[in-house]
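Tertiary structure, described
Here's the letter readout for the chains.
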Amino acid sequence: MVRKIVMYLLFVGMLLSVYDSFENYRINGDDFARDPKVMYEIYDELPIPDNTDEIEKKEFIKKRYSLSLYVYYRTNLSDTEIRQFYSEKLSDKGWQQIEDQGGKGIAFKKGRWEISIHSELDKYYVDIYKFYTH
């Protein structure tokens, strides 16, 4: 009896997993294949303040869930100057400022893509990301 219950639960779990994948694909289509390229196109068009150097970038892809590109910059600009720069430049490119879900920082949205900017001591990072939900 216990074995039948376990088998039933495994079967239901597999069905739910297949349904979740189907719904995710139905809603997001081929975005999963196209979006890494789109993410780097956004990165290539990202404005960078004068006297600011890129020091590192890290890519995180969780297939069918999210993708993100963290880009770290070294700068002498203050947090306020960084915020003003990106508020102006990204707004000019059609990005809408939104509430930053990560805490202290500034965030923007364009379609289903988001960009957040967070300052640290003598550097800051930009996170370009997209979440897949249904």
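Above this note sits the structure.
These lines cover the structure that appears in this document, whether it is placed above or below. (Residues numbered from 1 in each chain as written. Predicted model: local features only at pLDDT ≥ 70, side-chain atom pairs only at ≥ 80, totals over all residues. Heavy atoms only, no water.)

What follows covers the sheet that holds strand S2 (residues 66-75). Spatial strand order, S1-S2-S6-S5-S4-S3: 6 strands in an open sheet with antiparallel pairing. Looking at which strands have only one partner, the edges of the open sheet turn out to be strand S1 (52-62) and strand S3 (96-98). Across the sheet, the mean angle separating the axes of adjacent strands is 20° when strand polarity is ignored. Taken together, the 3 bridges between S3 and strand S4 (residues 106-110) define a ladder with antiparallel strand orientation. Pairing of glutamine 96 across the sheet is with lysine 109, part of S4. (Pairing = 2+ DSSP bridges. Helix = DSSP H or I, 4+ residues; strand = E, 2+ residues; numbered from the N terminus. Axes fitted to C-alpha atoms, helices over the stretch in contact; angles between N-to-C directions.)

So, on to the packing of aromatic side chains. All chains considered together, the criterion is met by 8 aromatic pairs. Plain terms: the ring middles of tyrosine 40 and tyrosine 43 are 6.2 Å apart, the flat faces sit at 80° to each other, and that makes the pair edge-to-face. You can see tyrosine 40 and its partner tyrosine 43 sitting in helix H2 (residues 31-44), 3 residues apart, about one turn around the helix. Taking the relative accessible area as the measure of exposure, tyrosine 40 reaches 26% and is therefore partly exposed. By relative accessible area, which is 15% here, tyrosine 43 ends up buried. Summarising the aromatic geometry, the rings of tyrosine 129 and phenylalanine 131 are spaced 5.6 Å apart at their centres and angled 65° between planes, so their arrangement reads as edge-to-face. Here the aromatic residues Phe60, Tyr70, Tyr72 and Tyr125 are joined through ring pairs into a cluster of three or more. (Phe/Tyr/Trp six-rings, centres within 6.5 Å; stacked < 30°, edge-to-face > 60°. Buried < 20%, exposed > 50% of the residue type's maximum accessible area, 1.4 Å probe, protein only.)

Formed by 23 residues in total, the largest nonpolar core has its most connected members in Tyr86, Leu90, Trp113, Ile115, Ile117, Val126 and Ile128. Going through the elements one at a time, H2, S2, helix H3 (79-92), S4, strand S5 (113-119) and strand S6 (123-131) are the ones with two or more residues in this core. (Core = buried A, V, L, I, M, F, W, Y, C linked by side-chain atoms within 4.5 Å.)

Moving on, we come to the pairing of S2. Here S2 lies mainly inside the structure; 8 of its 10 residues are buried. Here 10 bridges tie S1 to S2, and the two strands are oriented antiparallel to one another. Looking across to S2, one finds that lysine 62 is bridged to serine 66. Where S1 hands over to S2, the hairpin turn is made up of 3 residues, of which arginine 64 adopts a positive phi near 70°. Here S2 runs beside S6; their pairing, made up of 9 bridges, is antiparallel. When the bridges of S6 are listed, tyrosine 72 appears paired with tyrosine 125.

So, on to unusual backbone geometry. In this structure, asparagine 51 is a non-glycine residue whose phi angle is positive, near 55°. Among the structural elements, asparagine 51 can be located in the loop between H2 and S1. Under the relative-accessibility criterion, asparagine 51 is labelled exposed at 71%.

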